[in-house]
Amino acid sequence: MPSTLQPFLPLLDTLNRPLHDLRISVTDRCNFRCAYCMPKAVFGKDYPYLPHSALLSFEEITRLARQFVALGVRKIRLTGGEPLLRKNIERLVEQLAMLRTPDGHPLDLALTTNGSLLTQKARALKDAGLTRITVSLDSLDDATFRRMNDMDFPVHSVLEGIATAQSAGFGRIKINMVVQRGVNDHEVLPMARYFHGHNVALRFIEYMDVGSTNGWQAKQVVPSEQLLAQLQQHFHLTELPRQSGETATRWGYCRTNSTGADPSLGELGFISSVSQAFCRSCTRARLSTEGQLYLCLFAHQGHDLRSLLRNGVDDTTLQTRIATIWQQRQDRYSELRSLGQIPNTVVDQPLRRIEMSYIGG
Ligand code: SAM
Ligand code: SF4
Ligand code: SF4
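Residues numbered from 1 in each chain as written. Chains lettered and ligands numbered in written order. Predicted model: local features only at pLDDT ≥ 70, side-chain atom pairs only at ≥ 80, totals over all residues. Heavy atoms only, no water.

## Looking at the overall build of the chain
Here comes step 1: Per the secondary structure count, the chain includes 11 helices and 12 strands.
Here comes step 2: Its C-alpha atoms give the chain a radius of gyration of 20 Å, within 12% of the compact-globule value 21 Å for 361 residues.
Here comes step 3: Principal axes of the C-alpha set define a box for the chain whose edges measure 60 × 45 × 40 Å.
Here comes step 4: Relative to its 361 residues, the chain shows a buried fraction of 56%. (Helix = DSSP H or I, 4+ residues; strand = E, 2+ residues; numbered from the N terminus. Rg over C-alpha atoms; globule rule 2.2 N^0.38 Å. Buried < 20%, exposed > 50% of the residue type's maximum accessible area, 1.4 Å probe, protein only.)

Laid out in structure tokens, this is it:
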């Protein structure tokens, strides 16, 4: 369906940031209990997850996504909770893969998963039109991995999932490792060694103060700069150009006696959300499982799009509402935190923030 409101383009927020990326959370449930995201003490048996009727249906998600695409979104990432837990997720992928940008291009359609169900799902996702996969993996050491997912899930199943996705035809897979001092920072070098020579992009993510339940403290963050210096002692690395909309700085591996990166060896990336805020280039909107639109990972409040949908408004009204919300966007949480304008510990912040498992990473 063609876009109805071309006059909004380019759609810019108050800091001149365009709307280019949309993250869609398809479930608030997960089969892992990573302590930095869904600590067991909070997300226990009695946790009030959303009832099925509250979730956006695939048709509702696709209809909303179509409006975002008409307003400039070129990349959609499915996330959660664990997105592969949502029944028949490949049908949603199929619907989203049919959307086209205003100038007729297909979307960059990605998904972030903990990899636990990838062996079963990779082929169906590829056939449905998913273009890229990111797998979260915090350790190769089985004992550390089982402890971190807190569900005793073995690491070999995730590695098998990654291999299955590669043989299903997914190109360079991204592997996300959240690094926490004293928990898995000893696994940084083994991870880099293991994936060196495989066609993957291994990315180290600074542990973020997202949500209100993980008890984040600044001293648990290992700054990217420190990790890079450590890795440079073992690998000959060269910085790669930053891709548009990419939040990671990227480094390629060089072979001995060469200064150019050899892409076949894979690459490393660093997402320095805490030590080097990138709010000024943040072009991301987030849609929660129940259809709330959030403009920042650290927001306290969303904008209810589900009610609009269920009240039967037309596409023009939906697009106008989304465009107006984006035009008023001022969010730059990480930047304010690094300027010292927001307290550096979660407990010192009065308002309850959304959880990562609710909105997706
Ligand atoms: N369950 C899926 C997964 O783990 O890939 C998708 C959702 S998860 C919330 C998305 C990403 O957010 C994961 O890569 C996870 O490691 C990351 N994440 C969660 N909590 C985080 C935190 N406090 N700091 C940094 N990254 C975090
Ligand atoms: Fe689940 Fe992903 Fe959160 Fe871990 S990071 S608890 S896998 S949603
Ligand atoms: Fe974007 Fe908010 Fe993160 Fe800044 S803190 S980069 S505005 S999501």
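Still to come is the rest of the account.
## Regarding the site of ligand 1
Here comes step 1: As a matter of local geometry, ligand 1 sits amid 20 residues, with Gly-81, Thr-112, Ser-136, Val-178 and Met-208 nearest to it.
Here comes step 2: Tyr-36 places a polar side-chain atom, nitrogen or oxygen, 3.2 Å from an oxygen atom of ligand 1.
Here comes step 3: Between Gly-81 and ligand 1, the recorded distance is 3.0 Å, taken from a backbone N or O atom to a nitrogen atom.
Here comes step 4: The protein chains hide 95% of the 550 Å² of surface that ligand 1 would expose on its own.
Here comes step 5: Secondary-structure elements contributing two or more residues to the shell around ligand 1 are β3 (108-113), β5 (173-179) and β6 (200-206).
Here comes step 6: Tallied by class, residues from the shell around ligand 1 come to 8 nonpolar, 10 polar and 2 charged. (Near = heavy atom within 4 Å. Polar contact = N/O pair within 3.5 Å; in protein donor to acceptor, adjacent residues only side chain to side chain. Areas by Shrake-Rupley, 256 points an atom, 1.4 Å probe, with all protein chains shown as cover. Nonpolar A, V, L, I, M, F, W, Y, C, P; charged D, E, K, R; others polar.)

## What about the packing of helix α3 (residues 118-128) against helix α5 (residues 155-167)?
Here comes step 1: Between α3 and α5, the least distance of the axes is 8 Å, while the angle of their chain directions is 15°. As summarised for this structure, α3 and α5 are arranged roughly parallel, according to the angle between their axes. Regarding α3 and α5, the two cross each other, and that crossing is right-handed. Between α3 and α5, the residues in contact are Leu-118, Thr-119, Ala-122 and Arg-123 and Ser-157, Glu-160, Gly-161, Ile-162, Thr-164, Ala-165 and Ser-167, respectively.
Here comes step 2: Looking at the contact of α3 with α5, its residues break down into 4 nonpolar, 5 polar and 2 charged. (Axes fitted to C-alpha atoms, helices over the stretch in contact; angles between N-to-C directions. Parallel < 35°, antiparallel > 145°, perpendicular 65-115°, else oblique. Left-handed = near helix turned anticlockwise from the far one by under 90°. Contact = heavy atoms within 4.5 Å.)

## Quick look at the site of ligand 3
Here comes step 1: In the vicinity of ligand 3, the residues found are Phe-278, Cys-279, Cys-282, Arg-286, Cys-296, Leu-297, Phe-298, Arg-329, Asp-331, Tyr-333 and Ser-334.
Here comes step 2: Its residues assigned to classes, the shell around ligand 3 comprises 7 nonpolar, 1 polar and 3 charged.

## Side note on the packing of aromatic side chains
Here comes step 1: Within the structure shown, the criterion is met by 9 aromatic pairs.
Here comes step 2: With a centroid separation of 6.1 Å and an interplanar angle of 80°, the aromatic rings of Phe-32 and Phe-145 are classed as edge-to-face. Within this pair, whereas Phe-32 is found in the loop between β1 (21-25) and α1 (58-70), its partner Phe-145 is found in helix α4 (residues 142-149), the two being separated by 113 residues in sequence. Each member of the pair, Phe-32 together with Phe-145, is buried. (Phe/Tyr/Trp six-rings, centres within 6.5 Å; stacked < 30°, edge-to-face > 60°.)

## Topic: the environment of Cys-37
Here comes step 1: Within the fold, Cys-37 resides in the loop between β1 and α1.
Here comes step 2: Setting aside anything within four residues of it in sequence, one finds Cys-37 in contact with Phe-43, Thr-213, Glu-355, Met-356 and Ser-357.

## Topic: the nonpolar core
Here comes step 1: In terms of nonpolar packing, the biggest core is built from 112 residues, with Ile-76, Leu-78, Leu-137, Phe-204, Leu-231 and Leu-268 touching the most fellow members.
Here comes step 2: The biggest single contributor to this core is α1, with 6 residues.
Here comes step 3: In this structure Ile-76 touches Leu-22, Ile-24, Ala-65, Val-69, Leu-96, Leu-107, Asp-108, Leu-109 and Ala-110, once residues within four positions along its chain are discounted. (Core = buried A, V, L, I, M, F, W, Y, C linked by side-chain atoms within 4.5 Å.)

## Considering the sheet that holds strand β2 (residues 75-79)
Here comes step 1: Taking strand neighbours across the sheet as the criterion, the 12 strands line up as β7-β8-β9-β6-β5-β4-β3-β2-β1-β10-β11-β12 in an open arrangement whose pairing is mixed. Each having just a single partner strand, β7 (237-240) and β12 (303-304) make up the two edges of the open sheet.
Here comes step 2: With 3 bridges joining them, strand β4 (residues 132-136) and β5 adopt parallel strand pairing. The residue bridging Thr-134 from the neighbouring strand is Lys-174, located in β5.
Here comes step 3: Lying over the sheet, helix α2 (residues 89-97) contacts β2 and β3, oriented at roughly 170° with respect to β2.
Here comes step 4: Helix-sheet contacts for α5 involve β4, β5 and β6, and the interaxial angle to β5 is about 155°. (Pairing = 2+ DSSP bridges.)

## So, helix α6 (residues 188-195)
Helical periodicity: at 3.6 residues per turn, an α-helix aligns residues three or four positions apart in one direction.
Here comes step 1: Those residues of α6 not exposed but buried are Val-188, Leu-189, Met-191, Ala-192 and Phe-195. All buried residues of α6 fall inside an arc of 160° around its axis, so they share one side.
Here comes step 2: Contact partners of the buried residues in α6: α5, β5, β6, α7 (224-232), β8 (249-253) and β9 (267-271).
Here comes step 3: After α6 finishes, the residue Gly-197 shows a positive phi value of roughly 95°. (Arc of directions from axis to C-beta.)

## Quick notes on the environment of Arg-86
Here comes step 1: Note on placement: Arg-86 falls in the loop between β2 and α2.
Here comes step 2: Along the sequence, Arg-86 and Cys-30 sit 56 residues apart, while their C-alpha atoms lie 9.8 Å from each other.
Here comes step 3: If we ignore the near neighbours within four places in the chain, the residues touching Arg-86 are Val-26, Leu-55, Leu-56, Ser-57, Phe-58 and Ile-61.

## Section: α4
Here comes step 1: Those residues of α4 that fall on the buried side of the exposure criterion are Thr-144, Phe-145, Met-148 and Asn-149. Angularly, the buried residues of α4 cover 120° about the axis, an arc narrow enough to put them on a single face.
Here comes step 2: Next to the buried residues of α4 lie α5.
Here comes step 3: Among the residues trailing α4, Asp-150 stands out with phi positive, at a value near 55°.

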